[in-house]
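The residues making up each chain are set out below.
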Amino acid sequence: DFMVAVDPLQTLPADVVARLRQIFDTLRGSDDELKADGLKLAMIALGLELSDAEVMDMIVEVAPTTKALGFDAFLAILARPMEDDVTADLRDAFSVLDTSGTGALDEDDVQAGFAQHLGITVSAEEALDMVREVSGAPSGSGGLATKLYLDDFMRAMVLK
């Protein structure tokens, strides 16, 4: 089910809303709405491959009569809770990387995860930069955002 129970403008960061507005404006029709083909392209641009039936189900859930989405409805679809299997997969991936078992990834977890699961060696500085980038902290921010929590990880994986 694709429930519209949250206010996307309250749950999505402003820079994400701005990026989504650009995508929407590029793909919308002359009637200022996004139809199924535009939504499918938007999802592809966001790294999500959906079938035509899945796209139409999303649209009909939010706009059953018009079968087209304004920007607010488009945001509502993207801000909705993810399907359980995707959420579970992301939680599992986070758990695998959380080698310290603390519930938060730090540079040691990222270094170990890259080495053990991808065979890639990254420096402590590179790992810390990754944590800061995904958590939204600026580079060189001193002691800020030295941990990456599950919600930031999931947001980064979905809205990459």
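Scroll up for the structure.
Conventions adopted
Residues numbered from 1 in each chain as written. Predicted model: local features only at pLDDT ≥ 70, side-chain atom pairs only at ≥ 80, totals over all residues. Heavy atoms only, no water. Helix = DSSP H or I, 4+ residues; strand = E, 2+ residues; numbered from the N terminus. Contact = heavy atoms within 4.5 Å. Axes fitted to C-alpha atoms, helices over the stretch in contact; angles between N-to-C directions. Parallel < 35°, antiparallel > 145°, perpendicular 65-115°, else oblique. Left-handed = near helix turned anticlockwise from the far one by under 90°. Nonpolar A, V, L, I, M, F, W, Y, C, P; charged D, E, K, R; others polar. Phe/Tyr/Trp six-rings, centres within 6.5 Å; stacked < 30°, edge-to-face > 60°. Buried < 20%, exposed > 50% of the residue type's maximum accessible area, 1.4 Å probe, protein only. Polar contact = N/O pair within 3.5 Å; in protein donor to acceptor, adjacent residues only side chain to side chain.

Asker: Lay out the overall build of the chain in plain terms, naming residues and giving numbers.
Answerer: Counting its secondary structure elements, the chain contains nine helices and two strands. For the chain, the proportion of contacts with a sequence separation of at least 24, taken over those separated by at least 6, is 49%.

Asker: Explain the packing of helix α3 (residues 36-45) against helix α5 (residues 71-79) residue by residue, including any values.
Answerer: For the pair α3 and α5, interaxial distance at closest approach is 12 Å and the crossing angle is 45 degrees. Looking at the two axes, α3 sits oblique to α5. Viewed along their axes, α3 and α5 form a crossing whose handedness is right-handed. Seen from α3, the contacting residues are Leu 39, Ala 42 and Met 43; seen from α5, they are Phe 74, Ile 77 and Leu 78. A breakdown of the residues in the contact of α3 with α5 according to their chemical character gives six nonpolar, no polar and no charged.

Asker: Go over the packing of aromatic side chains with me, naming the residues and quoting the values.
Answerer: The full count for this structure, using the stated rule, is four aromatic pairs. Taking the centre distance of 5.6 Å and the plane angle of 40 degrees together, the rings of Phe 24 and Phe 74 count as tilted. Within this pair, whereas Phe 24 is found in helix α2 (residues 14-27), its partner Phe 74 is found in helix α5, the two being separated by 50 residues in sequence. Phe 74 shares its class with Phe 24; the two are buried.

Asker: An account of the environment of Asp 106 is needed here, citing residue identities and associated values.
Answerer: Examined against the element boundaries, Asp 106 turns out to sit in the loop between β1 (104-105) and α7 (107-118). Spatially, the C-alpha atoms of Asp 106 and Tyr 149 are 9.1 Å apart, while their sequence positions differ by 43 residues. Excluding residues within four positions of it along the chain, Asp 106 makes contact with Val 131, Thr 146 and Lys 147. In terms of polar contacts, Asp 106 uses its side chain to reach the backbone amide nitrogen of Asp 108, at 3.0 Å. A polar atom in the side chain of Asp 106 sits 3.0 Å from the backbone nitrogen of Asp 109.

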